[in-house]
Amino acid sequence: MSASENEKDSAALKEDGNNLFKAGDVRGAICCYTKAIKRSDSQAERAVLYRNRSACYLKQEEYTKAEADASKALDADPGDVKARFRRAQAFQKLSRLDQAFLDVQRCAQLEPKNKAFNDLLRQLGAQIQQKSVELNSTDARVKQMFSLLLDASAKDSDRQKAAQNLVVLSREDAGAEQIFRNDGVKLIQKLLQSKQEDVVLSALRTLVGLCTGHQSRTMAIVNELGMEQLCAVMGAGASTVSLAACHLLQVMFEALTEGMNKEIRGKDEAILPEPSKELRSMLRHLMEMMPASNVSGPGRDNALNLLVKQVPRKSFKNPDNSLTLWVIDQGLKKILEVAGTVPELSEGPPLTDNSHMSCSVLLSKLYDDLKSDAERENFNKLCEEYVQQHFSRNGLGAKLRAMQTVSVLLQGPSDVGNRTLEMSGMMDAVISLCASEDVTHQQVAVETLIHAAGKAKRASFITANGVALLKDLYKKSENDRIRVRALVGLCKLGSAGGTDFSMKQFAEGSTLKLAKQCRKWLCNESLPLTSRRWSVEGLAYLTFDADVKEDLVEDKNALLAMFELAKSEDKTVLFAVGSTLVNCTNSYEVEKPDPQMLELAKYAKQHVPEEHPKDAPSYVEKRLGKLLETGVVSALVCMVKQESPALTEACRDCIARVFLALVERQEDRGTVVAQGGGKALIPLAFDNTDLGRIKAAQALAKITITSNPEIAFPGERIYEMVRPLVSLLCLECTLLQNFEALMALTNLAGISERLRQKIIKEKAVPKIEGYMFEEHDLVRASATECMCNLVLSTEVQKMYLATGNDRLKLLVLYSGEDDERLRKAAAGTLAMLTAEQPELCARIPGTTTHWLEIIQSLLLCEISDLRHRGVVIVHNMMQAEKSLAETIIASEALEILSVLAKGGEGTPVPVSKIAQSCLDKAVEYSIIMTGEGRERGKGTEP
């Protein structure tokens, strides 16, 4: 902000806001009005400012804010008819028709002859009448459904149909309100106790309709039904019922948290009690489900999933992590009870194959949400106390529980896991139990050993102390569960050098043998899914080696088996599959060292990383082709659809990287889109790591550049793409990513006004303008091309109409540049602007003293597209003002236009026609004589 803006008083800021609003810069106007409100000491002036800002919010379709500002204006001046009318408009859009009617009725009483007031009054009257009819009709339908469901003598099929109809009704605003008002919640409570699964599902889905987006109704339902009953339904054995109950609780959480996050607007909302009590009650019941033995495995997984989604902050910009601290205080030990459960032992709650992974994800999310060292130290202390408590007990069962907890922590918050692993005697116990004759003991110990080999120093320690043991288990064990885990341990240690060809832990050829055995077990359908999943884990480590990558993509059966696992019920395999594919496609981050630093390192005899010859681009391209042929896209699409904590941000990051690698070649993009890749990329561009979001957005940009966006992203999906593309317009992204985003946005901006409005709403225009000054020729030209399509929107045209900027000057100057692409884009933008907004024509001479030379150079250009743009600009200027026509005709442009009007070889017909039209306009203005016009225009019959 400049010093002059700081010094402005409220009256000057108000005037600035009014001018910006008239020029179409609504956001700028809001900014000015907001500053003026803060600086104004006059209640009357503030009322006017609130009223004006309310008009801005109406323009931006932010109706809640518009209503709030209009209300503030009316609080200061109840007779302000403009403020009351704006509030009525906001109420109408917020579906608060009764309040809107009262406001506009008052306006009409104050100004009976105002057409706008009377029109809105009639419109609201019709809407209220229609809503009344709908309510009466809905009321009858609701009563009919209730009577059928309560009638014990009714047929089961009729009752099921009535329950399904109730679900449909609950999705309509009027229907949901009538169900709620007719004591529908009490009826639904009875339906939840039904023995028929279909009826219970219908009851849950009806509750979803009642709670969606409605805070007060949700609070009433939580209090009336009670969380105990809802958690009991979710903890039931049937997985479909459990999943439906989980979805209901998710909707309830969203309704309550949305209500807490939004600003309180109006009196109706102000009287609502704070929903934090209900939220904490819901979370407390979910935590109590953790160790409960009467809760099913799928029910517990769903409870973990809800905690993952609801407890940690969605954004670290929000400073409040009190909910996470509360959950750690109240429920960390209950979560560790699940983490420490060994399913093969009789003790502990029932688990699924996904439970431990879900626990790891939740613990990791909670730990990452902590802000200070003191909070992290408390988390570490609680975990260490729990592990020590069990490890110090007599009996092997307690020690196994401690080891299993450490194993889960190593997969989640690894820093915490490493600290617990370093407790006295823990590592020795793990090594010794690996040699146990009991398969369960061996399994827990080997898994802990595998997860412990995460750091290079520990990998070296285990290589020295545990490799012989793992080899012994792999060769001599008669149980495939132990053998496959021992194999993965060897795979992990064998890959400790990563992609560095010169840093290998094992002898030449050993990793290929390990990988071959992994592929063999992966293809063995007689093995349980968990064992086959471990073989994918092994490949995830071994595919750092390019020889292993080549062998894997050549083994079609192994790839198909891996893709089938990715689509299976075992969600814990997702990250392993994602990591394996990232390695095969070389889509991991590789930091290329500076050549001079390499030479210095060699001179100093330091280690220099070496790339494997088979990691060259030609090999990678062939591997991508093989993966596409085998159906990798459909596997990735299924992975994205998984509703599980196992689909972590790290997993999404892997999938986004693989998609980006798959669309690198233009000819492969159609295949990716046809198999659902485009649809899958959209959620990846929103819910991902920071780098993963960029990768997914870049993949979307590549597809949009070369495909028809309306076919690749049909329906509403095309509008969802805009935000990810705009996110690439930042300094953190590379120039290539900037360029591809601009190209993609250019294609979208050329499709429809709605898409242009979406781009404008995402605040892309200032960013695009910034890139019009970029030094790189391609980026500068693509930004100007994007602006060329955006000026079809009136809002962008108004930005060029606004005074005090150099937007028009930049276009004029770029029209005279040497870069053909930039010149075409700038001249095209200028042609459209002068056609749509003729008053801009008079400003062109004021942009630069060379404006006439630039326009003449366009007319004389050998490139027909530029000549066409030039003649259109001249035509628009001559149509706009006679004085401009006189200036143009007085120059060499008259002779050039005369030549163009004659047509002939090399001059397109449209150019000749427009040139002739320019001469005709000059005749009409009496600038040139009629005879002269005819003579110069001879032979140019249209």
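Everything numeric in this text was worked out from a predicted model, so none of it was measured.

Q: Is there a simple way to explain the overall build of the protein in this structure?
A: Scanning the protein from N- to C-terminus turns up 56 helices and 0 strands. Classification of the 942 residues of the protein by burial places 53% in the buried group. Across the protein, contacts joining residues at least 24 apart in sequence account for 68% of those joining residues at least 6 apart. Counting every atom, the protein has about 43,300 Å² of accessible surface; 49% of that belongs to carbon and sulfur.

Q: What should I look at first to understand the side chain of R756 in this one?
A: Of note, R756 is situated in helix 45 (residues 753-761). R756 gets classed as buried once you look at its relative accessible area, which sits at 9%. A distance of 2.7 Å separates a polar atom in the side chain of R756 from the backbone oxygen of A749. Side-chain polar atoms of R756 contact the side chain of E753, separated by 3.0 Å.

Q: Looking at this structure, how should I read the state of the cysteines?
A: What is meant by a disulfide is a covalent connection between two cysteines, made through their sulfur atoms. Tallied over the full model, the rule gives 0 disulfides. For C651, which is in no disulfide, the shortest distance to another cysteine sulfur is to C654 and amounts to 6.2 Å. Looking at C651, the relative accessible area reads 0%, which means it is buried. Residue C654 is classed as buried on the basis of its relative accessible area, which comes to 9%.

Q: It is not clear to me how helix 25 (residues 439-452) should be interpreted in this structure. Could you clarify?
A: Think of an α-helix as 3.6 residues a turn; residues three or four steps apart then line up on the same face. Its 14 residues place the ends of helix 25 20 Å apart at the C-alpha level, agreeing with the 20 Å of an ideal helix rising 1.5 Å per residue. Counting buried residues along helix 25, 13 of its 14 residues qualify, which places the element largely inside the surrounding structure. With a side-chain oxygen lying 2.9 Å from the backbone nitrogen of T440, the N-terminal cap of helix 25 falls on D438.

Q: Explain the pattern of salt bridges here, please?
A: Opposite charge on two side chains makes pairing possible when the charged atoms of those side chains draw close. Counting across every chain of the model gives 40 salt bridges. Its salt-bridge partner being R780, residue D777 comes within 2.9 Å of it at the nearest N-O pair. You can see D777 and its partner R780 sitting in helix 47 (residues 777-790), 3 residues apart, about one turn around the helix. Residues joined by salt bridges that share partners form a network here, namely K549, E550, D615 and R623.

Q: Would you mind showing me how to read empty space enclosed by the protein here?
A: According to the stated counting rule, one finds 2 cavities of 30 Å³ or more in the structure shown. Roughly 50 Å³ of volume is contained in the largest cavity. Lining the largest cavity we find G340, T341, V342, L345, E347, G397 and R401. Of the residues in the lining of the largest cavity, the class split is 2 nonpolar, 3 polar and 2 charged.

Q: So what exactly am I meant to see when it comes to the nonpolar core here?
A: For soluble globular proteins, nonpolar side chains are generally found buried alongside one another. Counting 268 residues, the largest nonpolar core has L286, F379, F659 and L662 as its most contacted members. Top element by residues in this core is helix 15 (residues 239-261). It accounts for 10 residues. Setting aside chain neighbours within four positions, we find L662 in contact with L624, L628, V632, V633, L636, D668 and V672. Listed in part, the 18 residues of the second largest apolar core include I30, I37, Y50 and A66.

Q: Whenever I open this one, the packing of aromatic side chains confuses me. Can you help?
A: To describe a pair of aromatic rings, one takes the distance between the centres and the angle between the planes. Counted by the stated rule, this structure contains 2 aromatic pairs. Between F85 and F117, the ring centres sit 4.9 Å apart and the planes meet at 50°, which makes this aromatic pair tilted. Taken together, the positions of F85 in helix 6 (residues 81-93) and F117 in helix 8 (residues 115-150) put the pair 32 residues apart, joining distant regions of the chain. The two residues F85 and F117 agree in class, both being buried. It is K622 that lies over the ring of Y619; its NZ or CZ is 6.0 Å from the centre.

Q: Is there a simple way to think about the side chain of Q517 in this case?
A: Here Q517 is to be found in helix 29 (residues 510-522). The class of Q517 is buried, set by a relative accessible area of 15%. Here Q517 is in contact with Y474 and L487, once residues within four sequence places are set aside.

Q: Just to check I follow, could you spell out the packing of helix 4 (residues 43-59) against helix 5 (residues 63-76) for this structure?
A: A pair of packed helices can be characterised by two numbers: the angle between their axes and the separation between those axes. Interhelical geometry of helix 4 versus helix 5 gives an angle of 160° and a closest axis separation of 8 Å. On the basis of their axis angle, the class for helix 4 and helix 5 is roughly antiparallel. Crossing handedness for the pair helix 4 and helix 5: left-handed. Touching Q43, A47, Y50, R51, R53, S54, Y57 and L58 of helix 4 are Y63, K65, A66, D69, A70, K72, A73 and A76, all from helix 5. Its residues assigned to classes, the contact of helix 4 with helix 5 comprises 9 nonpolar, 2 polar and 5 charged.

Q: Explain helix 12 (residues 197-211) here, please?
A: Helix length check: helix 12 (15 residues) gives 21 Å between terminal C-alpha atoms against 21 Å at 1.5 Å per residue, within 8%. Listed in full, the buried residues belonging to helix 12 are V199, V200, L201, S202, A203, L204, T206, L207, V208, G209, L210 and C211. Of the residues one or two after helix 12, G213 is the one with positive phi, at around 65°.

Q: Please explain the packing of helix 21 (residues 373-391) against helix 23 (residues 414-421) as it appears in this structure.
A: Closest axis-to-axis distance for the helix 21/helix 23 pair is 10 Å, and the angle between their directions is 45°. Here helix 23 runs oblique to helix 21, going by the angle between their axes. Crossing angle aside, the handedness with which helix 21 passes helix 23 is right-handed. In this structure, helix 21 contributes E377, F379, N380, C383, E384 and V387 to the contact, and helix 23 contributes V416, R419 and T420.

Q: Explain the confidence of the model for the protein here, please?
A: Should pLDDT be low for a region, the predicted coordinates there are not to be read in detail. Averaged over the protein, the pLDDT score is 84; the fraction of residues at 70 or greater is 89%. Every residue in residues 1-7 scores below 50 in pLDDT, and together they form 5 contacts with partners more than four places removed in sequence or on other chains.

Q: I'm lost on unusual backbone geometry in this one. Help?
A: Its identity as a non-glycine residue notwithstanding, N586 has a phi of 55°, on the positive side. Relative to the elements of secondary structure, N586 occurs in the loop between helix 33 (574-584) and helix 34 (595-603). With a phi close to 60°, K763 is a non-glycine residue in the positive phi region. Take K763: it is sitting in the loop between helix 45 and helix 46 (765-771).

Q: Got a minute to help me understand the environment of S54 in this structure?
A: Its location among the elements puts S54 in helix 4. In this structure S54 touches A66, D69, A70 and R86, once residues within four positions along its chain are discounted.

Q: Looking at this structure, I do not really get the environment of K59. What am I missing?
A: Position of K59 among the secondary structure elements: in helix 4. As for K59 and R27, which are separated by 32 residues in sequence, their C-alpha atoms are 9.9 Å apart. Excluding residues within four positions of it along the chain, K59 makes contact with F21 and V26.

Q: What is the right way to look at the environment of L894 in this model?
A: For L894, the position within the fold is in helix 54 (residues 893-902). Counting along the chain gives 24 residues from L894 to C918, while the straight-line C-alpha distance between them is 9.2 Å.

Calculation rules
- Position numbers for residues start from 1 in each chain and track the written sequence from start to end.
- Reporting in this predicted model follows two pLDDT cut-offs: at least 70 for local features of residues, and 80 or more for side-chain atom pairs to be given and counted; totals over whole chains, interfaces and linings ignore these cut-offs and use all residues.
- No hydrogens and no water enter the side-chain calculation; it runs on all heavy atoms of the structure.
- The numbering of helices and of strands both runs from the N terminus, where a helix is a DSSP run of H or I of at least 4 residues and a strand a run of E of at least 2.
- Relative accessible area decides the class of each residue, using a 1.4 Å probe on protein chains only: under 20% of the type maximum gives buried, over 50% gives exposed, and in between gives partly exposed.
- Only heavy atoms enter the contact rule, under which two residues are in contact if any of them lie within 4.5 Å.
- Each accessible area value is a Shrake-Rupley result obtained with a 1.4 Å probe; residue values ignore everything except the protein chains displayed when judging cover.
- Polar contact is defined as a pair of N or O atoms within 3.5 Å, subject to the rule that within protein one atom must be able to donate a hydrogen and the other to accept it, and that residues adjacent in sequence are counted only when both atoms are side-chain atoms.
- We call a pair of cysteine sulfur atoms a disulfide whenever their separation is within 2.5 Å.
- In this analysis, the expected span of each helix is defined as 1.5 Å times one less than the number of residues it contains.
- Within this document, salt bridges are pairs made up of a side-chain nitrogen of Lys or Arg and a carboxyl oxygen of Asp or Glu, the two lying within 4 Å of each other.
- Points on a 1 Å grid, built from protein atoms alone, make a cavity when a 1.4 Å probe fits but cannot get out and make a pocket when they are open with protein on both sides within 12 Å along at least 5 of 7 lines; residues with an atom within 4 Å of a point are the lining residues.
- Grid points are joined across faces, edges and corners, and a volume is the space filled by probe spheres set on the points.
- The classification used treats Ala, Val, Leu, Ile, Met, Phe, Trp, Tyr, Cys and Pro as nonpolar, Asp, Glu, Lys and Arg as charged, and all other residues, Gly among them, as polar.
- To define a nonpolar core, start from buried Ala, Val, Leu, Ile, Met, Phe, Trp, Tyr and Cys residues and group those joined through side-chain atoms within 4.5 Å.
- Centres within 6.5 Å are what make two rings of Phe, Tyr or Trp a pair, Trp counting through its six-membered ring; a difference in plane orientation under 30 degrees is then read as stacked, over 60 as edge-to-face, and the rest as tilted.
- Put simply, a charge is over a ring when the Lys NZ or the Arg CZ is close to the ring centre, within 6 Å, and near the line of the ring normal, within 35 degrees.
- Lines fitted to C-alpha atoms define the axes here, with helix axes fitted over just the stretch in contact, and angles between the N-to-C directions of these axes take values from 0 to 180 degrees.
- Here is the rule for angles: anything less than 35 degrees is roughly parallel, anything more than 145 is roughly antiparallel, 65 through 115 is roughly perpendicular, and the remaining ranges are oblique.
- Left-handed describes a crossing in which the near helix is turned anticlockwise from the far one by less than a right angle; the clockwise case is right-handed.
- As a per-residue measure, pLDDT tells how confident the predictor is, with possible values from 0 to 100.

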